Amino acid sequence: KARPEGPLNAGPSPEPPRLSFERKGSVRLDRKKHPLFVKKTVDAAGPGAIRVAYEIRNESRDAFSFYFGVEFNFSIGELSLAAGATESHVLSRTFKDAWRELEIRLSSDEEVLMHAVGLETVSGSEGGLEGTFQQVAVLFQRKITFLGHDTVKQTFTLEVLKKA
């Protein structure tokens, strides 16, 4: 369920608008369900930037590990990632958009493993079928280990920067 927190008017406010989503669910590992509670909070992080904070709580007393990942999709001309890439120990990664002269910076408060892949559409032409680069899909993921009734927090910041 989504809940706005704070004022949603267009006028000046000391507190930026905040949007929260929360959900109860589970992770199934080795045929056993582990109940979780997840809260996602989105708020402004300055001009052209948002911050997305996740709170993941183990609702059981069991110890277990799993991989938590967040996917981002950007319709940008980052052609260097057309063939895909994997990078370890990422705290921040900047993607350059050759089409609009923008940069998108993704930052994490914890080191993550980044997977990125370029997506193409296929179209026909006089030369036959050909792929046209369309966008980049990025996955930031990390291993989470619960040692019982724990809570883990993960925060990402996304900034859109105009190149000078």
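(A) Structural view of the overall build of the protein. A count of helices and strands for the protein gives zero helices and nine strands. Secondary structure elements of the protein occur, N-terminal to C-terminal, as β-β-β-β-β-β-β-β-β. Within the protein, the proportion of its 164 residues that are buried is 32%. In the protein, 55% of the contacts between residues at least 6 apart in sequence involve partners at least 24 apart. Per element, the accessible surface of the protein, about 10,100 Å² overall, is 52% carbon and sulfur.

(B) Representation of the packing of aromatic side chains in the model. Enumeration according to the criterion identifies 10 aromatic pairs in this entry. Seen in terms of ring centroids, Phe72 and Phe74 are 6.2 Å apart; in terms of plane orientation they differ by 10 degrees. Their pairing is stacked. No difference in accessibility class separates Phe72 from Phe74, as the two residues are buried. Each residue in the set Tyr54, Phe68, Phe72, Phe74, Phe95, Phe140 and Phe156 is aromatic and connected to the rest through ring pairs, giving one cluster.

(C) Fine view of the nonpolar core. Grouped together as the largest cluster of nonpolar side chains are 28 residues, with contacts concentrated most on Phe66, Phe74 and Val138. For this core, the secondary-structure elements that each account for two or more residues are strand E4 (49-58), strand E5 (63-74), strand E6 (85-97), strand E7 (102-125), strand E8 (128-147) and strand E9 (151-162). Of all the elements, E5 adds the most residues to this core, at six residues. When sequence neighbours within four positions are dropped, the list of residues in contact with Phe66 reads Val27, Leu36, Ile56, Arg142, Lys143, Ile144 and Phe146.

(D) Inspection of the environment of Ala98 at higher detail. Tracing the chain through its elements places Ala98 in the loop between E6 and E7. Using a relative accessible area of 58% as the deciding quantity, one classes Ala98 as exposed.

(E) Just the pattern of salt bridges, in detail. Under the criterion given, the structure shown has nine salt bridges. For the salt bridge of Lys96 with Glu103, the shortest nitrogen-to-oxygen distance reads 3.3 Å. For Lys96, a relative accessible area of 43% corresponds to the partly exposed category. One salt bridge connects Glu159 with Arg105, and the closest N-O pair in it is separated by 3.2 Å. In this pair, Glu159 is assigned in strand E9 and Arg105 in strand E7, connecting sequence segments 54 residues apart. Put simply, Arg18, Asp43 and Arg51 are held in one network by salt bridges that share partners.

(F) Here's a closer look at unusual backbone geometry. With a phi close to 50 degrees, Asp30 is a non-glycine residue in the positive phi region. Within the element layout of this structure, Asp30 appears in the loop between strand E2 (18-29) and strand E3 (32-44). The class of Asp30 is exposed, set by a relative accessible area of 78%. For Glu101, which is not glycine, the phi dihedral falls at a positive 55 degrees. Structurally, Glu101 is set in the loop between E6 and E7.

(G) Representation of the environment of Gln154 in the model. Within the secondary structure layout, Gln154 lies in strand E9. Given a relative accessible area of 1%, Gln154 falls into the buried group. Apart from the residues within four sequence positions on either side, Gln154 is in contact with Val52, Ala53, Tyr54, Phe68, Ser108, Asp109, Glu110, Val112 and Arg142. Reaching out from Gln154, the side chain makes a polar contact with the side chain of Ser108 at a distance of 2.7 Å. Here the side chain of Gln154 touches Arg142 through a polar contact of 2.8 Å, side chain to side chain.

Definitions and limits used
Residues numbered from 1 in each chain as written. Predicted model: local features only at pLDDT ≥ 70, side-chain atom pairs only at ≥ 80, totals over all residues. Heavy atoms only, no water. Helix = DSSP H or I, 4+ residues; strand = E, 2+ residues; numbered from the N terminus. Buried < 20%, exposed > 50% of the residue type's maximum accessible area, 1.4 Å probe, protein only. Contact = heavy atoms within 4.5 Å. Areas by Shrake-Rupley, 256 points an atom, 1.4 Å probe, with all protein chains shown as cover. Phe/Tyr/Trp six-rings, centres within 6.5 Å; stacked < 30°, edge-to-face > 60°. Core = buried A, V, L, I, M, F, W, Y, C linked by side-chain atoms within 4.5 Å. Salt bridge = Lys/Arg side-chain N within 4 Å of Asp/Glu carboxyl O. Polar contact = N/O pair within 3.5 Å; in protein donor to acceptor, adjacent residues only side chain to side chain.

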